[in-house]
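Spelled out from the first residue to the last, the chains are:
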Amino acid sequence: QVQLVESGGGLVQAGGSLRLSCAASGSIFSMNVMRWYRQAHGKQRELVAAITSGGISNYADSVKGRFTISRANARNTVYLQMNSSKPEDTAVYYCNAEVFSSGWIRNYWGQGTQVTVSS
């Protein structure tokens, strides 16, 4: 079994920064693409950023130039550095990972961490 645990959420003023972390644990052979999603109240979950095992990243247009996704493969951890935050970034942020474990590739989700950006 594999678990993803997010941390680092909280309250930040507009223009401020937060760093989210997501650590995977369990029976992990390797991790492929890791992603951050977010879901604002009353809205659909949306993809924010993704990063491959080789470090290639891409971003939603709404966060380009402000957010940075990175990963530490040795620690099975993915990060999301949020700079120049805006009130519209307020959402529950979820990490997602493709994990090769016990001969299978499965998708796993974290439990989510709340980010609130005040104006």
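In what follows, the structure referred to is the one given above.
Residues numbered from 1 in each chain as written. Predicted model: local features only at pLDDT ≥ 70, side-chain atom pairs only at ≥ 80, totals over all residues. Heavy atoms only, no water.

Draft legend 1. Expanded view of the packing of aromatic side chains. Going through the model one piece at a time under the given rule, you end up with 2 aromatic pairs. Between Phe29 and Phe100 the ring centres are 5.3 Å apart and the planes differ by 90°, which places this aromatic pair in the edge-to-face class. Highlighted residues: Phe29 in the loop between strand E3 (18-26) and strand E4 (30-39) and Phe100 in strand E9 (residues 91-101), separated in sequence by 71 residues. Ring geometry for Tyr37 versus Trp109: centroids 4.9 Å apart, planes at 50°, classification tilted. In this pair, Tyr37 sits in strand E4 while Trp109 sits in strand E10 (residues 104-109), placing the two residues 72 residues apart along the sequence. What makes Trp109 partly exposed here is its relative accessible area of 39%. (Phe/Tyr/Trp six-rings, centres within 6.5 Å; stacked < 30°, edge-to-face > 60°. Helix = DSSP H or I, 4+ residues; strand = E, 2+ residues; numbered from the N terminus. Buried < 20%, exposed > 50% of the residue type's maximum accessible area, 1.4 Å probe, protein only.)

Draft legend 2. Quick peek at the environment of Ser119. Relative to the helices and strands, Ser119 resides in the segment after strand E11 (113-118). Sequence-distant contacts of Ser119, defined by excluding residues within four places in its chain, comprise Ala14 and Pro87. (Contact = heavy atoms within 4.5 Å.)

Draft legend 3. Geometry of the sheet that holds strand E7 (residues 67-72). Pairing is antiparallel across the open sheet formed by 4 strands, whose spatial order is E1-E3-E8-E7. Either end of the sheet is taken by a strand with one partner, and the two such strands are strand E1 (2-7) and E7. Put simply, the sheet's adjacent strands are angled 15° from each other on average, direction ignored. Pairing of E3 with strand E8 (residues 77-82), which is carried by 6 bridges, proceeds in the antiparallel orientation. Residue pairing in the sheet places Cys22 in a bridge with Val78 of E8. (Pairing = 2+ DSSP bridges. Axes fitted to C-alpha atoms, helices over the stretch in contact; angles between N-to-C directions.)

Draft legend 4. Up close: the environment of Ile105. Secondary-structure assignment places Ile105 in strand E10. Taking the C-alpha atoms as reference points, Ile105 and Phe29, 76 residues apart in sequence, are found 9.8 Å from one another.

Draft legend 5. The arrangement of the pairing of E7 in detail. Across 6 bridges, the pairing between E7 and E8 is antiparallel. In the strand pairing of E8, Arg71 is matched with Val78. Between the antiparallel neighbours E7 and E8 lie 4 residues, among them Asn76 with a positive phi of about 50°.

Draft legend 6. Structural detail: the nonpolar core. Leu4, Trp36, Val48, Val78, Leu80, Met82 and Tyr93 are the most contacted members of the largest nonpolar core, which has 28 residues in total. Every element with two or more residues in this core is listed here: E1, E3, E4, strand E5 (46-51), E7, E8, E9 and E11. With 5 residues, the top contributor of residues to this core is E9. (Core = buried A, V, L, I, M, F, W, Y, C linked by side-chain atoms within 4.5 Å.)

Function cannot be read off these values alone, since they describe shape.
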